[in-house]
Amino acid sequence: AQAKVTEDDPTAKALGYKADGSKVDAAKFKTWAKTNTCANCNFYKSANANEGSCVALGNKLVAAKGWCSAWIKKA
Ligand code: SF4
């Protein structure tokens, strides 16, 4: 099975990744918005309803409702 990224993964940590986007420190990450999630990020490729692989995180699995500071709107 494909590896799931953890919040402690060095790259994930550097990007402020949270598996639950609502836990993002909004004061620290000004680009965060409730409607921005991994599921609608350009780096996301859906694997199932709950998770998908993220190109920015080495194609590891991230949560559909997650977020990190590399978020960019799906083209
Ligand atoms: Fe989620 Fe996009 Fe960040 Fe990957 S780059 S963790 S898909 S917000």
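Note: the structure precedes this text.
Everything numeric in this text was worked out from a predicted model, so none of it was measured.

K.L.:
Just to check I follow, could you spell out the overall build of the protein chain for this structure?
P.N.:
Within the protein chain one finds 1 helix and 3 strands. Reading the protein chain from its N terminus to its C terminus gives the helix and strand order α-β-β-β. Taking 75 residues into account, the globule formula puts the C-alpha radius of gyration at 11 Å, and the protein chain, at 11 Å, falls close to it. A principal-axis box enclosing the C-alpha atoms of the protein chain has dimensions of 35 × 25 × 15 Å. Taken across its 75 residues, the protein chain has 35% of its residues classed as buried. When the 12 basic and 6 acidic side-chain charges of the protein chain are each reduced to a single mean position, those positions are 6 Å apart.

K.L.:
In this structure, what is going on with the packing of aromatic side chains? I would like to understand it.
P.N.:
Remark: the centre distance and the inter-plane angle together describe each pair of aromatic rings, the angle taken between the planes. Taken as a whole and assessed by the stated rule, the structure comprises 1 aromatic pair. For the ring pair F29 and W67, a centre distance of 5.8 Å and an interplane angle of 65° mean the geometry is edge-to-face. One end of the pair, F29, is in the loop between α1 (10-14) and β1 (44-46); the other, W67, is in the segment after β3 (60-63), with 38 residues separating them in the sequence. Residue classification places W67 among the buried positions, given a relative accessible area of 0%.

K.L.:
Would you take a moment to explain the environment of T35 for this structure?
P.N.:
Locating T35 in the fold gives a position in the loop between α1 and β1. In this structure, the C-alpha to C-alpha distance between T35 and G21, residues 14 residues apart in sequence, is 9.3 Å.

K.L.:
Where do I start with the sheet that holds β3 in this structure?
P.N.:
To summarise the sheet geometry, strands pair through backbone hydrogen bonds and adopt either a parallel or an antiparallel arrangement. Spatially, the 3 strands line up as an open sheet ordered β1-β2-β3, and their pairing is antiparallel. Among the strands making up the open sheet, the edge pair consists of β1 and β3. Each neighbouring strand pair of the sheet contributes to a mean axis angle of 45°, computed without reference to strand direction. Two elements, strand β2 (residues 51-54) and β3, share 4 bridges in a ladder whose sense is antiparallel. By the bridge assignment, S53 is partnered in β3 with L61.

K.L.:
Explanation requested: the pattern of salt bridges in the structure shown.
P.N.:
Where charged atoms of side chains with opposite charge meet at close range, the side chains can pair. Tallied over the entire structure, the rule returns 4 salt bridges. For K4, the salt bridge is made with E51, and the minimal N-O distance between the two is 2.8 Å. Residue K4 is found in the segment before α1, and its partner E51 is found in strand β2; the two are separated by 47 residues along the sequence. A residue is classified by how much of its surface remains accessible, and E51, at 17% relative accessible area, is buried. Linking E7 and K18 is a salt bridge whose minimum nitrogen-to-oxygen distance equals 3.9 Å. Highlighted residues: E7 in the segment before α1 and K18 in the loop between α1 and β1, separated in sequence by 11 residues. Judged by its relative accessible area of 33%, E7 is partly exposed. For K18, a relative accessible area of 29% puts it in the partly exposed group.

Definitions and cut-offs
- Residues numbered from 1 in each chain as written.
- Predicted model: local features only at pLDDT ≥ 70, side-chain atom pairs only at ≥ 80, totals over all residues.
- Heavy atoms only, no water.
- Helix = DSSP H or I, 4+ residues; strand = E, 2+ residues; numbered from the N terminus.
- Rg over C-alpha atoms; globule rule 2.2 N^0.38 Å.
- Buried < 20%, exposed > 50% of the residue type's maximum accessible area, 1.4 Å probe, protein only.
- Lys, Arg positive; Asp, Glu negative; His and termini not counted.
- Charge placed at Lys NZ, Arg CZ, Asp CG, Glu CD.
- Phe/Tyr/Trp six-rings, centres within 6.5 Å; stacked < 30°, edge-to-face > 60°.
- Pairing = 2+ DSSP bridges.
- Axes fitted to C-alpha atoms, helices over the stretch in contact; angles between N-to-C directions.
- Salt bridge = Lys/Arg side-chain N within 4 Å of Asp/Glu carboxyl O.

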